[in-house]
Amino acid sequence: MMRTIHKVPLYVKDEQTHTLPKGAKLLAVQVQREQPCLWFECDTNKSMVPRVIKTFGTGKELPKNEALRYIGTYQLQDGALVYHVYEELSAIDALAELI
């Protein structure tokens, strides 16, 4: 098994789905050349699975009935816009977080 680090672009929208190798570990969110990006560690030989990413602006209410895992925060326009990025967890993942 060879693990490598990759990235996908993030878009300034409430929800987006990225297809990543199964078991990919989400590492960081940062802005590269004015483009928000998500870096992840993975084994590229694994099958691909969808991962739902949600973005909330500072001051926005987080949903009460959704299991979310915080990934990171990024800023645009010299800090005028600040966004917080979460992964939506499946019911199984949410239960595992509690154990």
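Not measured: the values here are computed from a predicted model.

Analysis parameters
Residues numbered from 1 in each chain as written. Predicted model: local features only at pLDDT ≥ 70, side-chain atom pairs only at ≥ 80, totals over all residues. Heavy atoms only, no water. Helix = DSSP H or I, 4+ residues; strand = E, 2+ residues; numbered from the N terminus. Contact = heavy atoms within 4.5 Å. Pairing = 2+ DSSP bridges. Axes fitted to C-alpha atoms, helices over the stretch in contact; angles between N-to-C directions.

1. Some details on the environment of Val49
Point 1. When you line up the elements, Val49 lands in strand E5 (residues 48-57).
Point 2. On a C-alpha basis, the gap between Val49 and Gly23 in space is 8.8 Å, while along the polypeptide they are 26 residues apart.
Point 3. Not counting residues up to four positions away in its chain, the partners in contact with Val49 are His18, Thr19, Leu20, Pro21 and Lys22.

2. Digging into the sheet that holds strand E3 (residues 25-32)
Point 1. Here three strands make up an open sheet; going across it, the order is E1-E4-E3 and the pairing antiparallel. The open sheet has two edge strands with one neighbour each: strand E1 (3-9) and E3. Pairs of neighbouring strands in the sheet enclose a mean axial angle of 25°, with direction left out of account.

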